[in-house]
Amino acid sequence: MFNKVLIANRGEIALRIIRACRELDCKSVAIFSEADRNSLHVRFADEAFCVGPGPSGRSYLNVPNIISAAELAGVDAIHPGYGFLSENAGFAEICASHGIKFIGPPATAIALMGDKASAKHRMLEAGVPVIPGSGIIDSLTEAKKFCAEAGYPVLIKATAGGGGKGMRIVGRDADLAAGLTAAGGEAQAAFGNGGVYIEKLLVRPRHIEVQVLADEYGHVIHVGERDCSVQKPSHQKLLEEAPAHNLDADLRMKLYEAAVRASRACGYANAGTLEFLVTEDGKFFFMEMNTRIQVEHPVTEVVYGVDLVKWQIRIAAGERLTRRQEDIKPRGHAIECRINAEDPDKKFTPAAGRLGSVLMPGGPGIRVDTHIYTGCEVPPYYDSLLAKITASGRDRNDAISRMRRALFETEVRGLATTLGLHQRIMMNPSFVEGRTHVTWLREELLSPQTAAAGSHGG
Amino acid sequence: MPVTDNHEEADTTELLSFVNERVAPLARIFAQLPLMQLRVRTADGMVTLVKAAPSAADGAKPSAAPKSSHAPKIQEGEPGRAYDTINAEAVGVFRPAPDVPEFGERVAADRVLGFVEALKLRNPVRAGAPCFFVAQAVEDGQAVEFGEVLFVVERGDIPPQAESAVDARTGFVEPVEDAVDEFGYALEPLLNSVDPGRTSPPGI
């Protein structure tokens with residue numbers, strides 16, 4: 001096991017990793033920006049280094065300062081969490097070149113799966129169904145040809161994209177040129193890479209993803225699936241469940257099998273997630289692989305009794321994955337609600353500032369992952385996630401009852417949050433019946449104004 | 001002062017009055033200075049004031065890497081801050097330049113005052129803007145994090161020892177032994193106001 005691990009992240013995921021380290025008797029080193037000086041991860045870690053000012057480009061993405069802090073502290077490994085440097089193959093290589101273990105997959109797997117085109121290509125080779133899509137679009141003629149074959153609607157996506165940026169839905173030939181220009185410009189601005197491609201847009205699919213764990217000796221298992229269909233108009237997840245309800249047993253096995261096959265095909269090790277879109281007629285398509293721990297990992301941990309973050313560290317330290325596939329069985333159902341500092345009535349505009357009173361729920365079946373506390377500052381520079389509330393129960397209805405109760409107990413004052421929206425979701429009959437899909441939230445619950453943000457790809 | 005034939009008691013009384021009347025006002029000024037040590041020499045003697053290492057209550061937790069007890073903690077907007085600082089941009093090990101300026105020396109913007117060694121690179125720490133040098137705040141070999149104060153400087157047009165002493169902007173700085181006379185002169189108004197033994201009128 002490692003002696004000391006640096007956590008190259010902030011917020012709730014930094015706390016989650018520090019907790020895993022402490023339980024593994026491994027020292028933890030936090031990094032922080034000047035805006036996060038009073039953050040809980042600084043307090044909970046054994047050591048902490050300020051690596052830069054508030055803007056993440058100069059702090060949480062400041063590779064020289066992070067590696068230098070790692071060397072000064074004498075760490076064996078760096079856990080990147082999610083976001084920031086977690087899917088940066090270059091960073092993984094730099095860690096290796098300084099004799100520091102990157103807690104994640106090999107840099108080659110990050111690079112392969114991080115590029116959407118190469119990922120899709122590898123999945124096709126491995127026999128995993130992918131969404132019909134074009135290559136990088138060089139001309140309007142090429143784009144028109146693809147759309148004629150695949151049929152409208154289509155989705156224009158950035159090759160380097162993520163988080164809904166550089167995406168446009170196009171419903172007819174006439175709008176194609178404008179869509180390409182807009183998506184390309186947005187992608188150039190957001191990622192420094194204006195490359196876009198076109199995909200067949202699936203109508204009202206569910207987002208179902210499969211968690212995998214692989215050790216460095218070729219043992220790969222899946223740890224069940226999550227349904228993440230409740231999404232903001234920007235395609236960002238808001239609520240996740242495990243397992244996916246009303247999922248045909250055959251289809252479920254096919255998803256598992258595809259996920260394990262896909263992981264093997266890219267030489268994967270450590271924790272990863274294969275994201276699929278599942279259509280009403282029971283077809284599924286590979287969307288992307290996230291080569292890191294996911295925000296929504298708690299629902300899997302709760303239902304399958306597997307500590308994913310500890311396994312990440314243990315696998316990176318060279319341990320063998322001792323959990324066998326046949327041991328992985330779901331127990332009950334879990335739902336996670338993301339409490340974000342965002343105003344759902346104002347197109348989910350992020351809010352920043354000082355929080356007032358913060359009260360988090362407790363009691364049976366409730367898990368809370370949060371870094372906020374009464375009076376703490378929410379800096380404007382980072383992700384707006386404040387807290388993840390996970391409710392579990394014998395079955396989905398039980399979990400919903402607990403979540404309703406937990407959300408009733410929760411109080412986050414001072415900034416607009418998604419708490420009220422989650423309360424509405426929990427009371428919504430079609431949510432309770434499990435009829436969600438990726439555009440469900442926009443269609444069922446959001447004000448026309450907020451929902452409209454989605455038609456522009458948000 | 002009452003006359004006494006007990007020399008020991010007289011010494012104690014003198015010491016107490018010295019502490020109360022001379023050291024206490026100095027300490028109040030020193031507390032507001034971004035300096036960890038202050039030595040004041042006058043015709044009557046010398047006193048050295050030393051600040052304790054920053055406590056955990058300062059917010060940021062000290063890292064495990066060894067840190068000098070000299071490291072001043074300066075928060076933006078801290079009342080009484082009299083000097084400008086040059087702070088670390090890189091996380092690494094601090095090395096002073098071979099020719100660290102003298103106290104009060106005029107320093108050009110591109111002058112390299114020291115280095116932060118990180119990842120086998122020596123990142124030069126430059127003055128950044130023309131200034132007068134006041135003090136080096138960290139020791140050779142000390143691990144520094146982003147934002148840590150490396151040097152104290154005076155960015156104004158006036159060298160640190162030239163202006164009035166009472167506003168606490170003069171360099172009551174430990175490493176400048178050779179400026180003692182000037183300090184003694186500069187301190188006079190302050191000392192006069194608290195020293196009943198002086199003949200000059202108080203308040204000058």
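Residues numbered from 1 in each chain as written. Chains lettered and ligands numbered in written order. Predicted model: local features only at pLDDT ≥ 70, side-chain atom pairs only at ≥ 80, totals over all residues.

## Side note on the overall build of chain B
A tally of regular secondary structure across chain B gives two helices and ten strands. Reading the secondary structure of chain B in the N-to-C direction produces α-β-β-β-β-β-β-β-β-β-β-α. Scored against the burial criterion, the 204 residues of chain B give a buried share of 27%. Look at the contacts in chain B between residues 6 or more apart in sequence, and 59% of them connect residues 24 or more apart. (Helix = DSSP H or I, 4+ residues; strand = E, 2+ residues; numbered from the N terminus. Buried ≥ 20, exposed ≤ 12 C-beta atoms within 10 Å, placed from the backbone. Contact = placed C-beta atoms within 7 Å.)

## Some details on the packing of helix H1 (residues 11-23) of chain A against helix H11 (residues 308-316) of chain A
Residues and elements named next belong to chain A. Two numbers describe how H1 lies on H11: the axes approach to 9 Å, and their chain directions differ by 65°. Crossing angle aside, the handedness with which H1 passes H11 is right-handed. Along the contact surface, H1 presents Arg16, Ile17, Ala20 and Glu23, while H11 presents Val309, Lys310 and Ile313. Taken together, the residues of the contact of H1 with H11 break down into four nonpolar, no polar and three charged. (Axes fitted to C-alpha atoms, helices over the stretch in contact; angles between N-to-C directions. Left-handed = near helix turned anticlockwise from the far one by under 90°. Nonpolar A, V, L, I, M, F, W, Y, C, P; charged D, E, K, R; others polar.)

## Quick notes on the domain arrangement of chain A
For chain A, the assigned domains read domain 1 (4-103), domain 2 (132-200) and domain 3 (206-455). Each of domain 1 of chain A and domain 2 of chain A has a C-alpha centre, and these two points are 36 Å apart. (Domains from an automatic or database assignment.)

## Brief notes about the sheet that holds strand S21 (residues 385-393) of chain A
Residue and element names in this part refer to chain A. With respect to topology, eight strands assemble into an open sheet ordered S13-S12-S9-S10-S11-S14-S21-S19, the strand pairing being antiparallel. The open sheet is flanked by strand S13 (284-290) and strand S19 (366-370), the only strands paired with a single partner. Sheet twist, expressed as the average angle between the axes of neighbouring strands with direction ignored, equals 25°. (Pairing = 2+ DSSP bridges.)

## Things to note about the packing of helix H7 (residues 140-150) of chain A against helix H8 (residues 176-191) of chain A
All names here are of chain A. Close contact between H7 and H8 brings their axes to 10 Å; oriented N to C, the two are set at 115°. In terms of orientation, H7 and H8 fall into the roughly perpendicular class. At the point where H7 passes H8, the crossing takes the right-handed sense. Contacts between H7 and H8 pair Leu140, Ala143, Lys144 and Cys147 from the former with Leu176, Ala177 and Leu180 from the latter. Of the residues that constitute the contact of H7 with H8, the class distribution is six nonpolar, no polar and one charged. (Parallel < 35°, antiparallel > 145°, perpendicular 65-115°, else oblique.)

## Regarding the sheet that holds strand S4 (residues 92-96) of chain B
To summarise the sheet geometry, strands pair through backbone hydrogen bonds and adopt either a parallel or an antiparallel arrangement. Residue and element names in this part refer to chain B. Judged by pairing direction, the sheet is antiparallel, and its four strands sit side by side in the order S7-S6-S4-S9 without closing on themselves. A single partner strand is all that each edge strand has here, and the edge strands are strand S7 (121-126) and strand S9 (143-144). As defined by bridge partners, strand S6 (residues 112-118) adjoins S7 across six bridges and the pair is classed as antiparallel. Its bridge partner lying in S7, Phe115 is registered against Pro124.

## Considering unusual backbone geometry
For residues that are not glycine, phi is negative in most cases, and the peptide bond is trans in most cases. Residue and element names in this part refer to chain A. Note that the residue after Tyr152, namely Pro153, is joined by a cis bond; omega there is 0°. The topology assignment puts Pro153 in the loop between H7 and strand S6 (154-158). A cis amide bond links Ala242 with the next residue in sequence, Pro243, at an omega value of -10°. Looking at the element boundaries, Pro243 is found in the loop between strand S11 (237-242) and helix H9 (249-265). In this model, Arg204 sits at a positive phi of 50°, which is unusual for a non-glycine residue. As for its position among the elements, Arg204 is in the loop between strand S8 (196-200) and strand S9 (206-214).

## Topic: the confidence of the model for chain A
Averaged over every residue, the pLDDT of chain A is 94; the share at 70 or more is 98%. Ignoring residues within four places in sequence, the model shows residues 454-458 of chain A, a span with pLDDT below 50, making twelve contacts including any to other chains. (pLDDT = per-residue confidence, 0-100.)

## Looking at the pairing of strand S1 (residues 4-7) of chain A
Residue and element names in this part refer to chain A. Pairing geometry for S1 and strand S2 (residues 27-33), over four bridges, is parallel. Following the sheet pairing, Val5 is matched in S2 by Ser28. By the bridge criterion, three bridges tie S1 to strand S4 (residues 77-79) in an arrangement that is parallel. Looking at the pairing, Leu6 lines up with Ile78 of S4.

## Some details on the interface of chain A and chain B
A common measure of how large an interface is: the accessible area buried when the components associate. Of the residues lining the interface, 17 residues belong to chain A; the matching set on chain B comes to 15 residues. Listed by contribution, the elements that provide at least two residues to the side of chain A that touches chain B are strand S3 (47-52) and helix H3 (63-73) of chain A. By residue number, the principal contributor to the side of chain A that touches chain B is H3 of chain A, which donates seven residues. Classifying every residue of the side of chain A that touches chain B by side-chain character gives ten nonpolar, four polar and three charged.

## Some remarks on the nonpolar core
Residues Val5, Leu6, Ile7, Ala69 and Phe276 of chain A together with Leu150 and Val153 of chain B are the most contacted members of the largest nonpolar core, which totals 151 residues. Looking at which element gives the most residues to this core, the answer is H1 of chain A, with seven residues. Counting contributing residues per domain, this core is built from domain 1 (4-103) and domain 3 (206-455) of chain A, each supplying no fewer than three. In contact with Ile7 of chain A, not counting residues within four places along its chain, are Ala14, Ile17, Ile18, Ser28, Val29, Ala30, His41, Ala45, His79 and Gly81 of chain A. In terms of nonpolar packing, the next biggest core, distinct from the first, is built from 15 residues, Ile156, Leu176, Tyr197 and Ile198 of chain A among them. (Core = buried A, V, L, I, M, F, W, Y, C linked by C-beta atoms within 7 Å.)

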